[in-house]
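Residues per chain, in single letters:
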Amino acid sequence: MEHNTSIRKSDWKPAVVPVSVAVGIWLFLHFLYEILGLIENVSLYRNLASINWILLVISVGFSALVVYPVVFFRGASKRICILAVFALPMAWSVKEFIRVSATVTIAESLFYVLFTPVQILVFVGQVGLIGVADIYCRIRLKQRKEISRVMGPVPLSAIFLSVLILYFVLIRGGGYDFHLAVKMIYRSLFL
Amino acid sequence: MAQKFSRREMLKGAGLTLAGSMLGSALPRKGFSKPKKPNIIFILSDDHRWNHLGIQGHPWIQTPNLDRLAEEGVLFDNAFCTTSLCSPSRASFITGRYVHHHGVKNNLHIWNNRNQTVLEHLKTGGYNTAFIGKWHMPGPLPELRGVDRFVTFTARTGQGLYYDCPLIIDGVETERKGTYITEDLTDYAIDFIREQQDCPFCLYLAHKAPHGPFINPGDISSDLYQEESIDHLPKWAHSFSSMANGEIYGMGLGTVEKKYKKYNRLISSVDLQIGRVMDELDRLGIADDTVLIYSTDNGLLVGENGHFDKRWAYDQCMRLPFIVRYPNGIVNPGRRSREMVLNIDVAPSILELAGLPTPGHMDGISFHSILRDEKTDLRDSFLYEFYKDFPPYTVPDIDAVRTRRYLYVEYQNSRLEPELFDVRSLVKNPVNILETPEGREVLPEMKRLLKHYQEEKTHGA
């Protein structure tokens, strides 16, 4: 039997708790990172801050791998699952927007959250991770004999597209080519 | 026919000889002869933090050639750039002008070909000139008037590549497979020196190193500094702190420990190549007649206040390693100077050393008197300016004033509050003293000074 993947616009309920937990963990780690600065012992601070930083990156960059399956198996539609995945990166972007707008204009801050490499890495990364998470969900469904086929063109395309963009943003020319392209776009728009 | 001397003349000559020998090393080696025009070599590195020299007490970096240069010349302990960013600072070095005059505000603003360079003036004064290395100013390559040899690169918008970096040699793009950029540029520099040894020459040699990404040359072992500790860095320098706040391009990917050691290896690699230039001068017998200046475009924060960047008005960013060696012109070599010298001072100083007048449009002041060990008060304060280099760097426009004791920083068009520092605290970690009793006492004078500079800037002075 195929799992019900039809769109149920009103069905936010399965996403509320997982998303809240994910955002809550990120916020906790974010504020903990600030509080750790109070530690005087250099070695202790550095060790804890490094661990905290890794957890922060995982929470913002890889939460899709947890959020998507949890929301999915709580009965949400795929659209809700995808929106749930992007909730945390969106919250993080708002935080970045506020941070950046302290030093540059609102328009430039908007440019920052839309085009700078780290922002793109996070959002495009989610697309690929959604593909991975979806395949994981389908494997579980197949194990339950609820579906017959694991691989589909949509999740594979998402992974491919994500890897392709990540290559241009992060790997090609050590990421520097993309960095320069962004600067050139900025120059044409703002200078 | 042999010249005959009277007894009086003999005694006078002997007296002068005795006096000269007593003065000994306190005088330049050819102190009383009419000075001929010296050769000038200016070596500029990229992002070399001021205290990352063996002679400056760094716990483990090895810079034997730069240390030797300082021991044979003058080490300027208070050298600064007026804008701590590559392109603006480079333009200031070569023009002797502030950013608000030469117009290269950041790494995006295009060089104006109407700018006059120190090389142009030297050429007029009879010098053979070469610009070899990193130009790195936005826009097409300039029409460098008065430059006989122009070797540069445009890869990655002028940042260049450490390996296999194609060079533009007098306008002709040339593949350089199998080369490492610092060594390759030094080869061209040495070739130029060999060709020009019978004429006064000025060589402007601008290296890419130690700018990121930190890719080390083959002749520097990857084991170098491997076992060293980074305990001397500020507390904030945890393993991933350089990638916080989206700043993944400043030092690249990887842990701070690895990147910092690579950075130091790059400094040592620059030192090695400077040693080659010094050896060549010795070999050619022209070291005494050659002014050799070493500096960098700007410094680098390595964890202070959590930053790994150069775009802030802190000493770690604006302070420069600055060494001048000139055996025939420096009195009492091997000393340190506490005078405040700036990147904009290099061009007028070079012109004075070459016996040429300083054009009125230059903002800098010649530090020649410091080389002569004369009592000098070059300046008590200076203006630092920064024009935002966004994105992804989110440092706003800055105007700041630095005195011998204090640094006052105002962020323009930004929600960031002004800052005031006692410069003695800046070496460790900047601590804002604005709200302290000392800060409140000092603030009015610092604000007055900054306003004075801002008015000069606005009115084009």
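Preceding block: the structure.
Figured I'd write up the structure that's included with this text.

Rules used throughout
Residues numbered from 1 in each chain as written. Chains lettered and ligands numbered in written order. Predicted model: local features only at pLDDT ≥ 70, side-chain atom pairs only at ≥ 80, totals over all residues. Heavy atoms only, no water. Helix = DSSP H or I, 4+ residues; strand = E, 2+ residues; numbered from the N terminus. Contact = heavy atoms within 4.5 Å. Buried < 20%, exposed > 50% of the residue type's maximum accessible area, 1.4 Å probe, protein only. Pairing = 2+ DSSP bridges. Buried area = accessible area lost by both parts, 1.4 Å probe. Salt bridge = Lys/Arg side-chain N within 4 Å of Asp/Glu carboxyl O. Polar contact = N/O pair within 3.5 Å; in protein donor to acceptor, adjacent residues only side chain to side chain. Nonpolar A, V, L, I, M, F, W, Y, C, P; charged D, E, K, R; others polar. Patch = residues over 30% accessible without salt bridge, like charges linked within 9 Å, V, L, I, M, F, W, Y side chains within 5 Å. Areas by Shrake-Rupley, 256 points an atom, 1.4 Å probe, with all protein chains shown as cover. Expected span 1.5 Å × (residues − 1). Phe/Tyr/Trp six-rings, centres within 6.5 Å; stacked < 30°, edge-to-face > 60°. Lys NZ or Arg CZ within 6 Å of the ring centre and 35° of its normal. Axes fitted to C-alpha atoms, helices over the stretch in contact; angles between N-to-C directions.

Section: the side chain of threonine 117 of chain B
Turning to its location among the elements, threonine 117 of chain B is positioned in the loop between α4 (99-102) and α5 (118-124). When residues no more than four places from it in sequence are discounted, the contact partners of threonine 117 of chain B are Ile94, Trp111, Leu144 and Arg145 of chain B.

Concerning the pairing of strand β1 (residues 39-45) of chain B
Residues and elements named next belong to chain B. Counting buried residues in β1 gives 7 out of 7 residues, a clear majority hidden from the surface. Burial along β1 is two-sided: the face carrying Asn39, Ile41, Ile43 and Ser45 and the face carrying Ile40, Phe42 and Leu44 are both buried. Bridge analysis of β1 against strand β7 (residues 201-206) gives 5 bridges, and the strand direction is parallel. Within the sheet, the bridge partner assigned to isoleucine 43 lies in β7 and is leucine 205.

Thoughts on the interface of chain B and chain A
On the chain A side, the residues contacting the 36 residues of chain B number 41 residues. Of the roughly 3300 Å² buried between chain B and chain A, counting both surfaces, carbon and sulfur atoms make up 62%. At the surface where chain B touches chain A, the tally comes to 2 salt bridges. Here aspartate 389 of chain B makes a salt bridge to lysine 183 of chain A, at a shortest N to O gap of 3.7 Å. Viewed at the interface, chain A and chain B are joined by 19 residue pairs in polar contact (both at pLDDT 80 or more). A class-by-class count of the residues in the side of chain B that touches chain A yields 20 nonpolar, 10 polar and 6 charged.

Details of a nonpolar patch on the surface
All names here are of chain A. Together, Leu44, Leu48, Ile51, Ile54, Leu55, Val57, Ile58, Phe62, Leu65, Val66, Val70 and Val132 give the surface a local cluster of nonpolar side chains, amounting to about 930 Å² of exposed area. Contributions of two or more residues to the nonpolar patch are made by α2 (42-61) and α3 (64-73). Sort the elements by how many residues they give to the nonpolar patch and α2 lands first, with 7 residues.

Quick word on helix α7 (residues 256-284) of chain B
Residue and element names in this part refer to chain B. With 29 residues, α7 extends 42 Å between its outermost C-alpha atoms, agreeing within 8% with the 42 Å of an ideal straight helix rising 1.5 Å per residue. Taking burial as the measure, the 29 residues of α7 include 21 buried ones, the bulk of the element. Residue glycine 285 follows α7 closely and has a positive phi angle near 75°.

A short note on the environment of threonine 403 of chain B
Within the secondary structure layout, threonine 403 of chain B lies in strand β13 (residues 397-403). Once residues within four sequence positions are removed from consideration, threonine 403 of chain B is found in contact with Met340, Asp380, Ser381, Val423, Met446 and Leu449 of chain B.

Some thoughts on the packing of aromatic side chains
Enumeration according to the criterion identifies 33 aromatic pairs over all chains in this entry. Aromatic pair tyrosine 45 of chain A and tryptophan 236 of chain B: ring centres 5.5 Å apart, planes at 80°, arrangement edge-to-face. Highlighted residues: tyrosine 45 of chain A in helix α2 and tryptophan 236 of chain B in the loop between β7 and α7, drawn from two different chains. Considering the side-chain rings of phenylalanine 76 of chain B and phenylalanine 322 of chain B, the 5.2 Å spacing of their centres and the 90° angle between planes classify their relative orientation as edge-to-face. Placement of the pair is phenylalanine 76 of chain B in strand β2 (residues 74-80) and phenylalanine 322 of chain B in the loop between β9 (319-320) and β10 (323-325), with a sequence separation of 246 residues. On the accessibility criterion, phenylalanine 322 of chain B (1% relative accessible area) is buried. Aromatic ring contacts, followed pair by pair, group Phe42, Phe93, Trp111, Phe131, Trp135, Phe150 and Tyr204 of chain B into a single cluster. Lying across the ring of tyrosine 162 of chain B, lysine 208 of chain B places its NZ or CZ 4.7 Å from the centre. Here lysine 235 of chain B stacks its cationic end above the ring of tyrosine 45 of chain A, 5.0 Å away from the centre of that ring.

Focus on the pattern of salt bridges
Residues and elements named next belong to chain B. A full pass over the atoms with the stated rule returns 45 salt bridges over all chains. Residues arginine 379 and aspartate 345 are paired through a salt bridge, measuring 2.7 Å at the closest nitrogen-oxygen approach. With arginine 379 in the loop between α10 (368-371) and β12 (381-386) and aspartate 345 in the loop between β11 (335-342) and α9 (346-353), the pair connects residues that are 34 residues apart, well separated along the chain. Aspartate 345 carries the same exposure label as arginine 379, and that label is buried. Via salt bridges that share partners, Arg68, Glu72, Asp279, Asp282 and Arg325 belong to a single interconnected network.

Here we look at the sheet that holds β12 of chain B
All names here are of chain B. Across the sheet, which stays open at both edges, the 4 strands sit in the order β12-β13-β14-β15 with antiparallel pairing between neighbours. Strands at the two margins of the open sheet, each flanked by one partner only, are β12 and β15 (419-422). This sheet shows a mean twist of 15° between the axes of neighbouring strands, independent of strand direction. Two strands pair when backbone bridges link them, and strand β14 (residues 406-412) and β15 are joined in this way by 4 bridges, in the antiparallel orientation. Looking at the pairing, leucine 407 lines up with phenylalanine 421 of β15. Sitting on the sheet, helix α12 (residues 437-458) is in contact with β12, β13, β14 and β15, with an inclination near 60° to β14.

The values reported here are purely geometric and, on their own, carry no functional implication.
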